Amino acid sequence: MKCVIPAAGLGTRFLPVTKAQPKEMLPVYDRPTIQYVIEEAIASGVDDILIVTGKGKRSIEDHFDRSFELEESLKESGKFDLLKTVEEISNLADIYYIRQKKQKGLGDAIYCAKKHIGDEPFAVMLGDIITKSDVPCTKQLIDLSQKHDSSVIAVEKVPNEKVERYGIIGGTEVSEDVYKVDTLVEKPKVNEAPSNLAIMGRYVLYPELFDHIENTELGVGGEIQLTDAMAKLDSMHANVFNGRSYDIGNKIDWLKTSIEFALEDNESKGILLDYIQEMMK
Ligand code: UTP
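Residues numbered from 1 in each chain as written. Predicted model: local features only at pLDDT ≥ 70, side-chain atom pairs only at ≥ 80, totals over all residues. Heavy atoms only, no water.

Draft legend 1. Molecular detail of the pattern of salt bridges. Under the counting rule described, the total for this entry stands at 17 salt bridges. Of the charged contacts, one joins Asp128 and Lys23 as a salt bridge, the two residues approaching to 2.9 Å between their closest N and O atoms. Highlighted residues: Asp128 in the loop between β6 (122-125) and β7 (129-132) and Lys23 in the loop between β1 (2-6) and β2 (27-28), separated in sequence by 105 residues. Of the residues examined, Lys23 reaches a relative accessible area of 8% and is grouped as buried. One salt bridge in this structure joins Glu186 and Lys187, with 2.9 Å as the shortest N-O distance. Under the relative-accessibility criterion, Glu186 is labelled buried at 11%. A relative accessible area of 37% means that Lys187 is categorised as partly exposed. (Salt bridge = Lys/Arg side-chain N within 4 Å of Asp/Glu carboxyl O. Helix = DSSP H or I, 4+ residues; strand = E, 2+ residues; numbered from the N terminus. Buried < 20%, exposed > 50% of the residue type's maximum accessible area, 1.4 Å probe, protein only.)

Draft legend 2. Local environment of a nonpolar patch on the surface. Taken together, the side chains of Ile252, Leu255 and Ile259 present a nonpolar region at the surface, about 250 Å² in accessible area. Assignment of secondary structure puts Leu255 in helix α10 (residues 251-263). (Patch = residues over 30% accessible without salt bridge, like charges linked within 9 Å, V, L, I, M, F, W, Y side chains within 5 Å. Areas by Shrake-Rupley, 256 points an atom, 1.4 Å probe, with all protein chains shown as cover.)

Draft legend 3. Focus on unusual backbone geometry. The omega angle of the peptide bond from Leu15 to Pro16 is 5°, so this bond is cis rather than trans. Relative to the assigned elements, Pro16 resides in the loop between β1 and β2. With phi around 60°, Tyr29 is a residue other than glycine that occupies positive phi space. Checked against the element boundaries, Tyr29 lands in the loop between β2 and β3 (31-32). Taking relative accessible area as the criterion, Tyr29 reaches 32% and is therefore assigned partly exposed. Even without glycine at this site, Asp149 takes up a positive phi of about 50°.

Draft legend 4. Layout of the packing of helix α3 (residues 68-76) against helix α4 (residues 80-90). As a packed pair, α3 and α4 sit with axes 8 Å apart at the nearest point and diverge in direction by 160°. Considering the angle they form, α3 stands roughly antiparallel to α4. Crossing geometry of α3 relative to α4 is assigned as left-handed. Facing α3, whose interface residues are Leu70, Glu71, Leu74 and Lys75, α4 presents Phe80, Leu82, Leu83, Val86 and Glu87. Of the residues that constitute the contact of α3 with α4, the class distribution is 6 nonpolar, no polar and 3 charged. (Axes fitted to C-alpha atoms, helices over the stretch in contact; angles between N-to-C directions. Parallel < 35°, antiparallel > 145°, perpendicular 65-115°, else oblique. Left-handed = near helix turned anticlockwise from the far one by under 90°. Contact = heavy atoms within 4.5 Å. Nonpolar A, V, L, I, M, F, W, Y, C, P; charged D, E, K, R; others polar.)

Written out as structure tokens, the structure reads:
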């Protein structure tokens with residue numbers, strides 16, 4: 001299966017950090033965010049990845065490209081562990097790039113992938129969301145999509161006060177944690193929301209979506225919303241994600257995620273805990 005990673009957004013919630021660098025390249029502990037996304041794609045069996053980039057996003061391409069000068073220098077100085085790490089990154093997968101010329105919204109970013117995708121179902125993975133689970137999130141969606149012959153999106157229960165920030169689904173539970181979706185609303189008021197199940201950034205979509213994006217008017221925030229186009233799909237299921245997701249698109253969640261990931265690494269755990277205890281004093 002092919003996958004599209006939209007990563008062209010302006011990242012305004014993270015300014016000024018994102019003025020000249022992509023938020024998708026912000027490090028979470030020991031890797032840039034988008035590397036976790038690519039690793040999830042590969043673990044899900046995706047073998048063709050298209051990243052939608054834009055102005056100021058060159059470092060994404062450079063990160064996954066080979067860097068001969070750096071490799072030579074690491075070789076000369078005998079830093080073979082680092083050399084291996086650097087080489088592994090550029091061998092991860094077949095990665096293609098396309099530029100979204102104007103940031104007109106997520107729906108428009110996905111539309112940029114139309115030619116590359118062709119006529120098959122495809123995965124979409126937001127470049128600023130990391131997931132963690134036993135079975136990779138995108139793999140769960142691919143399996144369900146094949147089972148139901150339908151587009152499938154991952155959702156998570158969010159508290160009422162957060163409902164207004166997300167696309168929200170409504171529908172009927174057809175099996176444990178799987179819903180047949182009949183309503184999709186982008187950023188509803190809490191009293192108008194059909195549920196508190198929020199779309200969390202992983203999708204498997206059928207290619208007729210592209211026709212729906214073409215016919216989608218500007219939505220919330222004056223953007224072409226993916227949610228509005230998805231609402232027109234013939235068949236859509238939602239999977240309540242059995243795992244954890246991390247949105248690094250805002251400062252505090254990025255910081256919490258970095259700390260959590262560092263605490264999971266035995267090498268840094270003790271040092272970090274000592275430091276936190278010191279700060280608490
Ligand atoms: P977000 O809405 O989180 O990204 O989109 P944003 O627009 O950069 O964020 P803020 O609100 O200004 O802080 C989710 C993903 O979709 C991409 C983003 O790069 C992000 O990875 N995106 C968003 C695009 O590729 N193009 C767009 O026009 C909008």
